[in-house]
Amino acid sequence: MAFEVLMNGVGDAFSVMHFGTNFLVRKGDFVLAVDCPDSYRGALAANDFAHGKGALGVEHIDAMIITHLHGDHVNGLEMVAAYRSMALERRLTVYTHAEAAADLWEKRLAVSLGQMWTGEQYQTLESKDLMDLRVMSWDEPTVIGPFVIETRRTLHHIATMALKISDGEHTLGYSCDTAFDPELIEWLSDSDLILHESTLGTAHTPLYRLMSLPAELREKMLVVHYPDEMTGMTLEELRFADEGCVYTVG
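Residues numbered from 1 in each chain as written. Predicted model: local features only at pLDDT ≥ 70, side-chain atom pairs only at ≥ 80, totals over all residues. Heavy atoms only, no water.

S.K.: How should the pattern of salt bridges be read in this particular structure?
M.R.: A pair can form between side chains of opposite charge whenever their charged atoms are brought close. Tallying each qualifying case throughout the model produces 9 salt bridges. With a shortest N-O distance of 2.7 Å, D132 and R134 are connected by a salt bridge. A relative accessible area of 37% means that R134 is categorised as partly exposed. Taking the shortest distance from any N to any O, the salt bridge between K164 and D190 comes out at 3.2 Å. Placement of the pair is K164 in strand β13 (residues 161–166) and D190 in the loop between α6 (182–188) and β15 (193–197), with a sequence separation of 26 residues. Residue K164 is classed as buried on the basis of its relative accessible area, which comes to 7%. Counted as one network, the salt bridges with shared partners bring together R152, D181 and E183. (Salt bridge = Lys/Arg side-chain N within 4 Å of Asp/Glu carboxyl O. Buried < 20%, exposed > 50% of the residue type's maximum accessible area, 1.4 Å probe, protein only. Helix = DSSP H or I, 4+ residues; strand = E, 2+ residues; numbered from the N terminus.)

S.K.: Is there a simple way to explain unusual backbone geometry in this structure?
M.R.: Glycine aside, the phi torsion of most residues is negative, and most peptide linkages are trans. Positive phi, normally seen in glycine, also occurs at D48, with a value near 55 degrees. Among the structural elements, D48 can be located in the loop between α1 (40–47) and β4 (50–51). Accessibility expressed as a relative area gives 53% for D48, which makes it exposed. The phi dihedral of C176 is positive, around 55 degrees, even though this residue is not glycine.

S.K.: Whenever I open this one, the packing of aromatic side chains confuses me. Can you help?
M.R.: Given two aromatic rings, one states the distance between the centres and the angle between the planes to describe the pair. Counted by the stated rule, this structure contains 5 aromatic pairs. Judged by centre distance (5.2 Å) and plane angle (70 degrees), the ring pair of F3 and F147 falls under edge-to-face. Residue F3 is located in strand β1 (residues 3–9), and its partner F147 is located in strand β12 (residues 147–153); the two are separated by 144 residues in the primary sequence. With a centroid separation of 5.2 Å and 85 degrees between ring planes, the pair formed by Y226 and F240 is classed as edge-to-face. (Phe/Tyr/Trp six-rings, centres within 6.5 Å; stacked < 30°, edge-to-face > 60°.)

S.K.: I would appreciate a short explanation of the nonpolar core in the present structure.
M.R.: Side chains of nonpolar character tend, in soluble globular proteins, to be buried together. Of all hydrophobic cores here, the largest spans 46 residues; its most connected members are F23 and L172. Once residues within four sequence positions are removed from consideration, F23 is found in contact with V5, L6, M7, N8, L32, A33, V34, I165, L172, Y174 and L195. One finds Y40, V58, L69 and L92 within the second-largest nonpolar core, a separate group that totals 29 residues. (Core = buried A, V, L, I, M, F, W, Y, C linked by side-chain atoms within 4.5 Å. Contact = heavy atoms within 4.5 Å.)

S.K.: Would you mind showing me how to read the sheet that holds strand β11 (residues 142–144) here?
M.R.: Sheet strands pair via backbone hydrogen bonds, and the direction of the pair is either parallel or antiparallel. A sheet is described by the order of its strands in space; here 7 strands give the open sequence β11-β12-β13-β14-β15-β16-β17, paired in mixed fashion. In this open sheet, the two edge strands, each paired with only one partner strand, are β11 and β17 (239–240). In this structure, strand β16 (residues 221–224) lies alongside β17, joined through 2 bridges in parallel fashion. Of the residues in β17, the one forming a bridge with V223 is F240. (Pairing = 2+ DSSP bridges.)

S.K.: I tried to follow the environment of D242 on my own but got confused; where do I start?
M.R.: For D242, the position within the fold is in the loop between β17 and β18 (246–249). Overall, the relative accessible area of 41% leaves D242 in the partly exposed class. Residues D242 and V135, 107 residues apart in the sequence, show an inter-C-alpha distance of 31 Å. Each residue touching D242, except ones within four places of it in the same chain, is listed here: M7, V10 and Y247.

Put into structure tokens, the structure is as follows:
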């Protein structure tokens, strides 16, 4: 049985036309989010993904993966975790790799969420008060709901995860942020659908490198994390993911 990819953002770190690249995978009622950029709830509201009898919101997310700690992939987690914990009284389950897990609270979230005023006194909060943080192995698959996720390091400024997300029958591959890496592309090549980044900078993949890949790979690839200058571009060799679209894997 197929599963869905809900494309909640397609932009790169500097985009003013798009939300930062992030998506959700859904099988049945289970929703797994991947990355959490700025204005995350606003992106969900703007894209208006149908879910059950209403629209998909952060209350429907069963778990979230954070691929790395650059702001365009994690800035939104501060408010999503706070909203889930304080407004909904339901902690968010967050998965990430060991390097990111070591810094996520102390070096990012504790600065803004580690102390709260109760109306009478200051209260110190810990990571566990706001989220259930779980570490993904680089060497062994992680099971999250109906999905089995494999990870691989990418060529990027900081420790970053590429992903293969499988429901046991079909697989979504995601390059995440990376310099052009033939070994990574080979690792992703057995996926049914591949989301691959392309933007400017030495730690990202130039579009022409993806255009030169074999046709059988390009035919199942969607370009994500692209700069505003690529918006509306049409190529014979490649397709660009569209924000707000739902893609089927399988």
